[in-house]
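Single-letter residue listing:
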Amino acid sequence: MNANKALWEKGDFTRLAETMRESGSALVAKLGITKGQDVLDLGCGDGTTAIPAARLGAHVQGVDIARNLVEAGNARVKAEGLTNITFREGDAINLEGIEDQSFDVVVSIFGAMFAPQPFDVAKEMFRVTRPGGKIVMGNWIPGDPTLVAQILKVSSAYTPAPPEGFVSPMLWGVENNVTERFVAAGASKENISFERDTFTFSTPVPPAAFLETFRKYYGPTMNAFEAAEKNGKEADLHRELEVLFESQNQSTDKNKTSIPATFLKVTVRR
């Protein structure tokens, strides 16, 4: 079994994606996507950015490693009556069946960064992008003080050490690493740019309840709680994360949650 596939099929990321819709649409609105363009959304989940791109009139192909998320994306497309977007299973390290230079825009927001073999991921993303097109990635930043980076940092302290040769997905949030990977894939260094941006998680439940969404449905957090439980530290992990969620919440209503999370936005022009 592909370990990365198992991780993302383990929970139900759609539950988290529901809290990310507004930011996903806002991000896509800034990408300059136009009607008739061919867009690939890699690690698309159930369509948080792919569906807004389709609403702009682009021809969108969503690819995700998790079968349950592909099914959820296709269900959303059917419900909206969109005919210019499809979802399919696929692996970011080998986009089998996708021809060279097929897309004007290749997007991956918190998706391809979690695939192993990052140099292969960069190579594949660059390969399927047309000359004159662009790649846009959104990647969490290691050590960043905002929510997701801190969740992953806290969780890692409760989980077993990764296997030898493991490359942290958080290294996609380090500019020098990103540059090295895309230059190796064929990009020119001067065509790679970076900026900090924000994704806001918004949900009409208090932070403690939002934490439960991560605990029950987000693969990495589910694994952390399972490991902590075996070591008798489940309560410690829960307490640490609950403090984090409460401190990060910016909603003035104690029964709602609004937590901004900073990420590195990468643009590679081909």
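The rules behind these values
- Residues numbered from 1 in each chain as written.
- Predicted model: local features only at pLDDT ≥ 70, side-chain atom pairs only at ≥ 80, totals over all residues.
- Heavy atoms only, no water.
- Helix = DSSP H or I, 4+ residues; strand = E, 2+ residues; numbered from the N terminus.
- Rg over C-alpha atoms; globule rule 2.2 N^0.38 Å.
- Contact = heavy atoms within 4.5 Å.
- Areas by Shrake-Rupley, 256 points an atom, 1.4 Å probe, with all protein chains shown as cover.
- Salt bridge = Lys/Arg side-chain N within 4 Å of Asp/Glu carboxyl O.
- Buried < 20%, exposed > 50% of the residue type's maximum accessible area, 1.4 Å probe, protein only.
- Pairing = 2+ DSSP bridges.
- Right-handed = clockwise from strand over helix to strand, strands pointing away.
- Axes fitted to C-alpha atoms, helices over the stretch in contact; angles between N-to-C directions.
- Phe/Tyr/Trp six-rings, centres within 6.5 Å; stacked < 30°, edge-to-face > 60°.
- Lys NZ or Arg CZ within 6 Å of the ring centre and 35° of its normal.
- Arc of directions from axis to C-beta.

Under an unreviewed UniProt entry, the name given to the chain is Ubiquinone/menaquinone biosynthesis C-methylase UbiE, and the source organism is Dyadobacter fermentans.

Participant: An account of the overall build of the chain is requested, with residue identities and associated values reported.
Facilitator: Helix and strand content of the chain: eleven helices and seven strands. Taking 270 residues into account, the globule formula puts the C-alpha radius of gyration at 18 Å, and the chain, at 18 Å, falls close to it. Its C-alpha atoms give the chain principal-axis dimensions of roughly 50 × 45 × 35 Å. Considering only residue pairs separated by 6 or more positions, the chain has 76% of its internal contacts joining residues 24 or more positions apart. Carbon and sulfur atoms make up 49% of the accessible area of the chain, which amounts to about 12,300 Å² in all.

Participant: Please provide a residue-by-residue account of the pattern of salt bridges, values included.
Facilitator: Within the structure shown, the criterion is met by 15 salt bridges. One salt bridge connects glutamate 89 with lysine 5, and the closest N-O pair in it is separated by 2.8 Å. A residue pair is termed long-range when its members are at least 10 positions apart, and glutamate 89 in strand β3 (residues 85-89) and lysine 5 in helix α1 (residues 3-10) qualify at 84 residues. Overall, glutamate 89 belongs to the partly exposed group, its relative accessible area being 36%. For the salt bridge of arginine 127 with aspartate 100, the shortest nitrogen-to-oxygen distance reads 2.7 Å. Here aspartate 100 lies in the loop between β3 and β4 (103-109) and arginine 127 lies in helix α6 (residues 118-127), a separation of 27 residues in the sequence. Beyond isolated ion pairs, a larger network of salt bridges with shared partners links Lys5, Glu9 and Glu89.

Participant: Go over the pairing of β4 with me, naming the residues and quoting the values.
Facilitator: Burial runs high along β4: six of the seven residues are buried. Summarising the sheet, strand β1 (residues 38-42) and β4 pair through three bridges and their orientation is parallel. Following the sheet pairing, leucine 40 is matched in β4 by valine 106. When β4 meets strand β5 (residues 129-140), the two strands line up parallel, connected through six bridges. Bridge assignment links valine 106 to a residue of β5, and that residue is isoleucine 135. A crossover connection joins β4 to the parallel β5 through α6; in handedness this β-α-β unit is right-handed.

Participant: Go over the sheet that holds β5, please, and point to the residues and values.
Facilitator: Ordered by their spatial adjacency, seven strands build an open sheet running β3-β2-β1-β4-β5-β7-β6, and the pairing between neighbours is mixed. Pairing within the sheet leaves two strands with one partner each, and these edge strands are β3 and β6 (192-203). On average, each strand axis in the sheet is tilted by 20 degrees relative to the strand beside it, whichever way the strands run. Contacting β5, β6 and β7 (257-269), helix α7 (residues 147-156) runs over the sheet at an angle of about 95 degrees to β7. Running at roughly 120 degrees to β6, helix α8 (residues 175-185) makes contact with β5, β6 and β7 of the sheet.

Participant: A description of the packing of aromatic side chains should follow, citing residues and the corresponding values.
Facilitator: The final tally for this structure, using the stated rule, is 17 aromatic pairs. With a centroid separation of 6.1 Å and an interplanar angle of 45 degrees, the aromatic rings of phenylalanine 13 and tyrosine 218 are classed as tilted. You can see phenylalanine 13 sitting in the loop between α1 and α2 (14-17) and its partner tyrosine 218 sitting in the loop between α9 (207-217) and α10 (219-230), a full 205 residues away along the chain. Like tyrosine 218, phenylalanine 13 is buried. Taken together, the ring pairs in this structure connect Trp8, Phe13, Phe110, Phe114, Trp140, Phe199, Phe201, Phe210, Phe214, Tyr218, Phe245 and Phe263 into an aromatic cluster. Across the ring face of phenylalanine 225, the terminal group of arginine 215 is positioned such that the distance to the ring centre comes to 4.2 Å. Above the ring of phenylalanine 126, the side-chain terminus of arginine 270 is found at 4.3 Å from the ring centroid.

Participant: Could you give me a rundown of helix α3 (residues 21-29), with the residues and numbers involved?
Facilitator: Two residues of an α-helix separated by three or four positions point the same way, owing to the 3.6 residues in each turn. Within α3, burial applies to Ser23, Gly24, Leu27 and Val28. The buried residues of α3 occupy an angular sector of 135 degrees when the element is viewed end-on, so they sit on one face. Facing away from the buried surface of α3 by more than 90 degrees, the exposed residues are Glu22 and Ala29. Here the buried face of α3 lies against α4 (50-55), β4, β6 and β7.

Participant: Which residues make up unusual backbone geometry, and what values do they have?
Facilitator: With a phi angle near 50 degrees, glutamine 101 is a residue other than glycine that sits in the positive phi range. By the element assignment, glutamine 101 lies in the loop between β3 and β4. Given the relative accessible area of 36%, glutamine 101 is considered partly exposed. Positive phi outside glycine occurs at glutamine 117, with the angle close to 55 degrees. Relative to the elements of secondary structure, glutamine 117 occurs in the loop between β4 and α6. On the basis of relative accessibility, which here comes to 43%, the residue glutamine 117 falls in the partly exposed class.

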